Amino acid sequence: FFQAEDGIRDHCVTGVQTCALPICLAFKSGQWWDVEGPFTAPKGVVPARLVELDGKRVASGRDFDETTGKLSRSDLVLLDEASARAVVQRFGGKSGKVEKVEARPWKERPYAPFTTSTLQQEAIRKFRWSAKQTMDVAQKLYESGWITYMRTDSVTLSDQAIKAARDLIQARFGPDFLSPSPRIYKTKVKNAQEAHEAIRPAGERFRDVEDAWRELGDREAKLYELIWKRTVACQMADAEGSQTTVTLRVDERGTGRFVASGRVIRFPGFRRAYVEGSDDPEAELAEQERPLPPLTEGDRVQVGDLVAKGHTTQPPARLTEATLVKELEARGIGRPSTYASIIDKILEKYAFKKGGALVPTFVAFAVTALMERHLTELVDYAFTARIEDELDRVALGKMNWVDTLRSFYLGDGGLQTRLGHAEKAADPRAVCSIPIGSADGVDVIVRVGKFGPYLAVGDATVDLPEDTPPDEVTVEFAMARLEKKSQGPQVLGTDGGQSIYLMNGRFGPFVQRGEATDGAKPDRASLLPGMQPADVTLAIAVQLLSLPRALGMSNGEAIEATNGRYGPYVRRGKESRSIPAGMSVLTITLAEAERLFEAPARRARAAVEPLRGLGADPVSGGEIRLMKEIGRAHV
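Read on for an overview of the structure. Predicted model, so just to flag it, every value in this text is computed and none were measured.

Time to look at the overall build of the chain. If you tally the helices and strands in the chain, you get 18 helices and 25 strands. Counting only residues that meet the buried cut, the chain has 43% of its 635 residues in that class. Within the chain, contacts between residues at least 6 apart in sequence are counted, and of these 64% link residues at least 24 apart. Roughly 34600 Å² of accessible area belongs to the chain as shown, and the carbon and sulfur atoms make up 51% of that amount.

A few words on the side chain of Q235. Here Q235 lies in the loop between α7 (218-233) and β5 (239-251). Among all residues touching Q235, those that are not within four sequence positions of it are L157, I162, A165, R166, I169, L178, S179, P182, R183 and Y185.

Bringing the sheet that holds strand β17 (residues 508-513) into the picture now. Strands sit in the order β15-β16-β17-β18 across an open sheet of 4 strands; the sheet is antiparallel. The open sheet is flanked by β15 (490-495) and β18 (523-526), the only strands paired with a single partner. Neighbour-to-neighbour, the strand axes of the sheet open up by a mean angle of 25°, direction not taken into account. Across 4 bridges, the pairing between β17 and β18 is antiparallel.

Attention now moves to the pattern of salt bridges. Tallying each qualifying case throughout the model produces 35 salt bridges. R249 serves as the salt-bridge partner of E99, at 3.3 Å between the closest nitrogen and oxygen. Residue E99 is located in strand β4 (residues 95-108), and its partner R249 is located in strand β5; the two are separated by 150 residues in the primary sequence. Given the relative accessible area of 25%, E99 is considered partly exposed. Assessed through its relative accessible area of 25%, R249 is described here as partly exposed. Residues R257 and E99 are paired through a salt bridge, measuring 2.7 Å at the closest nitrogen-oxygen approach.

Here 4 strands make up an open sheet; going across it, the order is β19-β20-β21-β22 and the pairing antiparallel. A strand with exactly one partner marks an edge of an open sheet, and here the two such strands are β19 (549-554) and β22 (575-578). Pairwise comparison of adjacent strand axes, ignoring direction, gives a mean angle of 25° for this sheet. Along the sheet, helix α18 (residues 590-598) makes contact with β19, β20 (557-564), β21 (567-572) and β22, crossing β19 at roughly 65°.

Note that A369 resides in helix α11 (residues 362-374). For the pair formed by A369 and I434, sequence separation is 65 residues and the distance between their alpha carbons is 9.2 Å.

Taken together, the side chains of W401, V402 and L405 present a nonpolar region at the surface, about 310 Å² in accessible area. Inspection of the secondary structure puts L405 in helix α13 (residues 401-410). Judged by its relative accessible area of 48%, L405 is partly exposed.

The next point concerns the packing of helix α3 (residues 116-127) against helix α9 (residues 321-330). Packing of α3 against α9 leaves a shortest axis separation of 8 Å and a crossing angle of 165°. Accordingly, the angle class assigned to the pair α3 and α9 is roughly antiparallel. In the packing of α3 onto α9, the handedness of the crossing is left-handed. Contacts between α3 and α9 involve S117, Q120, Q121, I124 and R125 from the former and E321, A322, V325, K326 and E329 from the latter.

Turning to helix α10 (residues 339-349), a few remarks are in order. The complete set of buried residues in α10 reads Y339, A340, I343 and I346. Along the axis of α10, the buried residues cluster in a sector spanning 125°; they form a single face. In this structure, the buried side of α10 is in contact with α3, α4 (131-143), α9 and β9 (351-354).

Moving on, we get to the packing of aromatic side chains. Under the counting rule described, the total for this entry stands at 13 aromatic pairs. Taking the centre distance of 5.7 Å and the plane angle of 50° together, the rings of F362 and F365 count as tilted. Taken together, the positions of F362 and F365, both in helix α11 and 3 residues apart, correspond to about one turn of that helix. Residue classification places F365 among the buried positions, given a relative accessible area of 3%. Ring-pair connections join several aromatic residues into one group, and the members of that group are Y111, F114, F270 and Y274. Across from the ring centre of W146, 3.6 Å away, lies the NZ or CZ of R207, which sits over that ring. Here the guanidinium or amino end of R263 rests over the ring plane of W106, the centre of that ring lying 4.0 Å away.

Rules used in this analysis
- Residues numbered from 1 in each chain as written.
- Predicted model: local features only at pLDDT ≥ 70, side-chain atom pairs only at ≥ 80, totals over all residues.
- Heavy atoms only, no water.
- Helix = DSSP H or I, 4+ residues; strand = E, 2+ residues; numbered from the N terminus.
- Buried < 20%, exposed > 50% of the residue type's maximum accessible area, 1.4 Å probe, protein only.
- Contact = heavy atoms within 4.5 Å.
- Areas by Shrake-Rupley, 256 points an atom, 1.4 Å probe, with all protein chains shown as cover.
- Pairing = 2+ DSSP bridges.
- Axes fitted to C-alpha atoms, helices over the stretch in contact; angles between N-to-C directions.
- Salt bridge = Lys/Arg side-chain N within 4 Å of Asp/Glu carboxyl O.
- Patch = residues over 30% accessible without salt bridge, like charges linked within 9 Å, V, L, I, M, F, W, Y side chains within 5 Å.
- Parallel < 35°, antiparallel > 145°, perpendicular 65-115°, else oblique.
- Left-handed = near helix turned anticlockwise from the far one by under 90°.
- Arc of directions from axis to C-beta.
- Phe/Tyr/Trp six-rings, centres within 6.5 Å; stacked < 30°, edge-to-face > 60°.
- Lys NZ or Arg CZ within 6 Å of the ring centre and 35° of its normal.

And the structure:
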């Protein structure tokens, strides 16, 4: 699944519903202005925002059509910069009154204890861990007896766990924070397998978080504390409070209505132990307490210094690992134990991370197009869910696994037949072409080739860096990149009688000495991490091309500084150390390098000896051995 700033909603390499190509560039932004500022009331200051002008509602971001960037309704007031500043002049410093005060009580129930998916989502939100990192840490906690089994989609707690949580709440928080009766949670996930209870601290009595921080590593202690808090909170009382909305009216050559809202938590309940994170920072901010001063209808208020602010509508947020796990679970795709591996595969082949967001590559677009056009049935969500159901019945002994596989692969309309038809029907060039638009009547197309994506405009082509977000590839972007290529490489100067060039390639900018000749490649060097093409001078280019730098001798061995696949480093014989931020491979001295070697090297993983041999593989003839890894054995 991919959900991107370019408007891509539901796309998955193994489950797609709609064509990705036109949606990619569908989002159009809209601009609007609003007016806000403080109002001085008898007992305090009220921050408010303009919502109505002369009887018409003022447009905000939710009123724009995502595909046109225009207002979806005609009966709204759209403020631009000039009209917003006119409103500031019109109402600023004037007097008004409180027209309406609405206070509504609210209650909030605690969240269910963790399942595999909700634990992964929360660790991603709170710790910025990946799903795989979360499962690795949870595995260690389970193996060492701190938590129950961590691969589960059940939210049910045993009677033992409920009693342990309620006894702890009574002792630590007091009876007021205990729910009147035990809370029983039921799993709502489709195709849930409830062989295990929810993830919780192990045992009849939950071990204290303080003990975890003393006895465990930082990562294990952090995750245990998260599980402990969620489990305890699920048996606590509801949080209670009130939401207040105040309408302020100002009459000055017409009417302006401003709205202020406040939120008060009157009893924290389960929030005393735990508050869930949010995928939407604005929603998380809205949940915080924001009290308003006491106000009654008819109170006079004085308008303070109003401010006009411009805004641009934002595209739908990209999927993160957390929201992807949530979507997989909701659609019944995969199982708790598979979410981490699914995400790993997506990141390996079809996406990259930008911040915490998952950004699809153009390879993902091509694969999606191939699957949609020629293997439609296999990428239907209903098909995926049906296969999951059949595998469940196989696991329960209700279906024969050999018959199931034979039917899936060789049956009427089976996979073998479908793949044969797809292979004959698929046009690789069409599948790997992603239209962007047109320039002067010529189609602008992204093509996915053997060596990665590239732009094609007529007969002209230019490489695209593989980490280019698809939403950034517009017609203007394409033409600018082609124009830059047509200008040729930038000549920085000459050194030793040879020209030094600054060039762009598939993997980014680099510098080159001289020209390519038959049978000989010119010297090339990549830019250092964080270095921009605009920063590269002739002197810097020459330094880059001179790497590795000889720094001198130490302990009878030469030390060199150079740049490698994983960044700059120094090496001495068979030893190496990364050059940390704050030091440059171009300027590091011998003394600085020697200090880096004083620190212990990272320990390489020791070779693993087989526990025993199991004989020869009847297919390949190779030996099958039973090996041991940390915490488990494998073949």
